[in-house]
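Residue strings, one per chain:
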Amino acid sequence: MIFSKFYKSKIVILVFAFSLVFTLCYLQAYFALPQEITLIEGQEHVYYFGSPFSVRMEIEKDGLLMVNQDYIPASGTVLNLSRPVSFRSDKNGSVKMHLKVFGLIPLRTVTVDIVNNKKVVPCGNTVGVKLELDGILIVGTTDIDAADGGRRFPAQEAGLRPGDMITRINGNPVNKIRQLIDLIESSRGRDMQIQYVRNGEVANTVIRAVRSVEDNRYHLGLWVRDNTAGIGTLTFYDPESNVFAALGHGITDIDTGTLMSVSTGEILESEILDIKKGRQGIPGELRGVFVENENKLGEITSNTQSGIYGRLYENSLARLPQKAYPIGVRSQVQTGKASILANVDGKKVEEFEILIEKINRQNTNGTKGMIIRIVDPKLLEMTGGIVQGMSGSPIIQNGVLVGAVTHVLVNDPTRGYGIFIEFMLKNIDKTLAELDMAG
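Residues numbered from 1 in each chain as written. Predicted model: local features only at pLDDT ≥ 70, side-chain atom pairs only at ≥ 80, totals over all residues. Heavy atoms only, no water.

Considerations on the overall build of the chain
Check the secondary structure of the chain and you find 5 helices and 34 strands. Just so you have it, the chain exposes about 21,100 Å², and 51% of that area is on carbon and sulfur atoms. (Helix = DSSP H or I, 4+ residues; strand = E, 2+ residues; numbered from the N terminus. Areas by Shrake-Rupley, 256 points an atom, 1.4 Å probe, with all protein chains shown as cover.)

Following this line, the structure appears as structure tokens:
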């Protein structure tokens, strides 16, 4: 009896130890596998996942993806994650890989995107950015001292709040503040049907304007914005289509943090006149000028989390660089020496030395895929490191365009984040498709 209890306890311990080891290995494999892999059409990309598991891999499409030099059928194959794994595709497209441990336990679904093998032209030019919003952005709400006595809160009572984008009033589209003012005044305090967008979702509400004792006019108790302008950096353009990418991050409203939806927009040639140097705790800034009605470079068609996109005007190309570079995806980026192209003096674009200190290959946010450090003495002397306006400066490594500067680390302006160029390249293809559909 004692003997039996001894063996039972040993079995329990062994089962527990096996479960613990399996769980740890499973978690290691889960976090080692990225949610997304981007391949360049016709190129082989090698990944090392460092997991002891062999997994069952199934894909949705035949004849698109090669793994370890063999095309994988939709019925699947066994993949050893303890050895380097090579991926290749000779066709543009996207496919999902479903990975299961022992062919039964789901591990990860990995999206594999294959992008065009093309050369693009890195720029580094600062540009003026002017956006007209696709609606009217609420940046604040306030109270109104009503003409009939008392204090009223019409916007708040209607459920409106900062960050909402008003798109229609009484069924009619609106995107200008002047339109909004006229509609409010003509309502004479009657019900107004408001359609707005919040966090990507369309909603509706009813509001009544209140006549103010201060000016005897009708108000909703809103602070609003219908456009924005600033300076950023042109990252690259596709010489075949003239479609461009800039900034490396989206343009958000300074008051609400809302990603601005674009109605129309343009990028314009700019000139840097002065630099506010960055220092610990205080970000620096490029100070420049651009003329809205002159020196237009191109139209903006979209504002996304990974930057702004559009098409350059044909007559603007002579004012931009012409040298095309191959592109590199995140699996090809290495820690170590690299450079950025930046315009911090007049209209002159120069190449400055940096170090890529850390790479986050698991990153799906995009804008913080790598940490970089400015080491070029000239740039450090001029700017103190990364400053506002340099967002979008292309990152070059070993003659390949691999990313763009996105953010500065406020506590250390010599360091900042970069986006992998693959995220921006995917939006280039989307922008081209949208422009072609628009005619």
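Notes on helix α3 (residues 177–187)
Every α-helix winds through 3.6 residues per turn, so residues three or four apart in the chain are directed the same way. All buried positions along α3 are accounted for by Leu 180, Ile 184, Glu 185 and Ser 187. Projected down its long axis, α3 carries its buried residues within an arc of 160°, all on one side. Buried residues along α3 sit against β11 (126–141), β14 (165–169), β16 (191–198), β19 (218–219) and β20 (222–237). Positive phi appears at Arg 188, one or two residues downstream of α3, with a value of about 55°. (Buried < 20%, exposed > 50% of the residue type's maximum accessible area, 1.4 Å probe, protein only. Arc of directions from axis to C-beta. Contact = heavy atoms within 4.5 Å.)

With respect to the sheet that holds strand β7 (residues 85–88)
Two pairing modes exist for strands in a sheet, parallel and antiparallel, and in both the strands are linked by backbone hydrogen bonds. The sheet built from 4 strands is open, its strands ordered β2-β7-β4-β5 with antiparallel pairing. Lying at the two open borders of the sheet, with one neighbouring strand each, are β2 (45–47) and β5 (70–71). Two strands pair when backbone bridges link them, and β2 and β7 are joined in this way by 3 bridges, in the antiparallel orientation. Its bridge partner lying in β7, His 45 is registered against Phe 87. (Pairing = 2+ DSSP bridges.)

Let's talk about the nonpolar core
Counting residues in hydrophobic clusters, the biggest one holds 43 residues, and the most contacted among them are Phe 236, Ile 340 and Ile 395. Phe 53, Val 55, Leu 65 and Val 67 belong to the second largest nonpolar core, which has 28 residues in total. (Core = buried A, V, L, I, M, F, W, Y, C linked by side-chain atoms within 4.5 Å.)

Regarding the pairing of β20
Across 2 bridges, strand β10 (residues 119–122) lies against β20 in antiparallel orientation. Considered in β20, the bridge of Val 121 is made with Tyr 237. Across 11 bridges, β11 lies against β20 in antiparallel orientation. For Val 127, the partnering residue across the bridge sits in β20 and is Gly 232. As paired elements, β20 and strand β21 (residues 243–246) share 3 bridges and run antiparallel to each other. Opposite Leu 234, over in β21, you have Ala 246 as the bridge partner. Turn length for the β20-β21 hairpin, with the two strands adjacent in sequence and antiparallel, is 5 residues, and the turn residue Asn 242 shows positive phi of about 65°.

Observations regarding the pairing of β16
Burial along β16 is one-sided: the face carrying Met 192, Ile 194, Tyr 196 and Arg 198 is buried and the face carrying Asp 191, Gln 193, Gln 195 and Val 197 is not. Where β14 and β16 come together, 4 bridges link them in antiparallel fashion. Bridge pairing in β16 places Arg 168 opposite Gln 195. With 8 bridges joining them, β16 and strand β17 (residues 201–208) adopt antiparallel strand pairing. Residue pairing in the sheet places Ile 194 in a bridge with Thr 205 of β17. Adjacent in sequence and paired antiparallel, β16 and β17 are bridged by 2 residues, among which Asn 199 carries a positive phi angle near 55°.

Regarding the pattern of salt bridges
Should the charged atoms of two oppositely charged side chains come close, the side chains can pair. Summed over all chains, the structure comprises 22 salt bridges. Put simply, Lys 118 and Asp 238 hold a salt bridge, and the shortest N to O gap is 3.1 Å. With Lys 118 in the loop between β9 (105–115) and β10 and Asp 238 in the loop between β20 and β21, this residue pair connects regions lying 120 residues apart in the sequence. For the pair Lys 118 and Asp 238, a shared accessibility class is recorded, and that class is buried. Beyond isolated ion pairs, a larger network of salt bridges with shared partners links Glu 357, Arg 373, Asp 412 and Arg 415. (Salt bridge = Lys/Arg side-chain N within 4 Å of Asp/Glu carboxyl O.)

Looking at the sheet that holds strand β28 (residues 336–345)
Spatially, β28-β29-β30-β34-β33-β32 is the arrangement adopted by the 6 strands of the closed barrel, whose pairing is antiparallel. Put simply, the sheet's adjacent strands are angled 45° from each other on average, direction ignored. (Axes fitted to C-alpha atoms, helices over the stretch in contact; angles between N-to-C directions.)

Side note on unusual backbone geometry
Within the chain, Leu 247 stands out as a residue other than glycine whose phi angle is a positive 75°. Within the secondary structure layout, Leu 247 lies in the loop between β21 and β22 (262–269). By relative accessible area, which is 7% here, Leu 247 ends up buried. Phi at Asn 398 takes a positive value of approximately 55°, unusual for a residue other than glycine.

Section: the environment of Tyr 237
Along the chain, Tyr 237 turns up in strand β20. Classification of Tyr 237 by relative accessible area gives buried; the value is 3%. Sequence separation between Tyr 237 and Gln 156 is 81 residues; the distance between their C-alpha atoms is 44 Å. What Tyr 237 contacts, discounting residues up to four positions off in sequence, is Val 120, Val 121, Cys 123, Val 243, Phe 244, Leu 312, Leu 317, Leu 320, Pro 321 and Gln 322. Here Pro 321 takes part through its backbone oxygen, which lies 2.7 Å from a polar atom of the side chain of Tyr 237. (Polar contact = N/O pair within 3.5 Å; in protein donor to acceptor, adjacent residues only side chain to side chain.)

Thoughts on the packing of aromatic side chains
In this structure the tally under the stated criterion is 2 aromatic pairs. Grouping aromatic residues by their ring pairs yields a cluster made of Tyr 47, Phe 49 and Phe 87. Above the ring of Tyr 30, the side-chain terminus of Arg 108 is found at 4.0 Å from the ring centroid. (Phe/Tyr/Trp six-rings, centres within 6.5 Å; stacked < 30°, edge-to-face > 60°. Lys NZ or Arg CZ within 6 Å of the ring centre and 35° of its normal.)

What to know about the side chain of Ser 212
Within the secondary structure, Ser 212 is located in the loop between β18 (210–211) and β19. Among the polar contacts listed, one links the side chain of Ser 212 to the backbone nitrogen of Glu 214, at a separation of 3.1 Å. Excluding its chain neighbours within four sequence positions, the residues that come into contact with Ser 212 are Ile 144, Asp 145, Ala 147, Arg 217 and His 219.

Focus: the environment of Ser 339
Inspection of the secondary structure puts Ser 339 in strand β28. Taking the C-alpha atoms as reference, Ser 339 lies 41 Å from Gly 140; in sequence the two are 199 residues apart. For Ser 339, the contacting residues outside a window of four places in its chain are Glu 351, Phe 352, Glu 353, Ile 354, Pro 394, Ile 395 and Ile 396. Reaching out from Ser 339, the side chain makes a polar contact with the side chain of Glu 351 at a distance of 2.6 Å.

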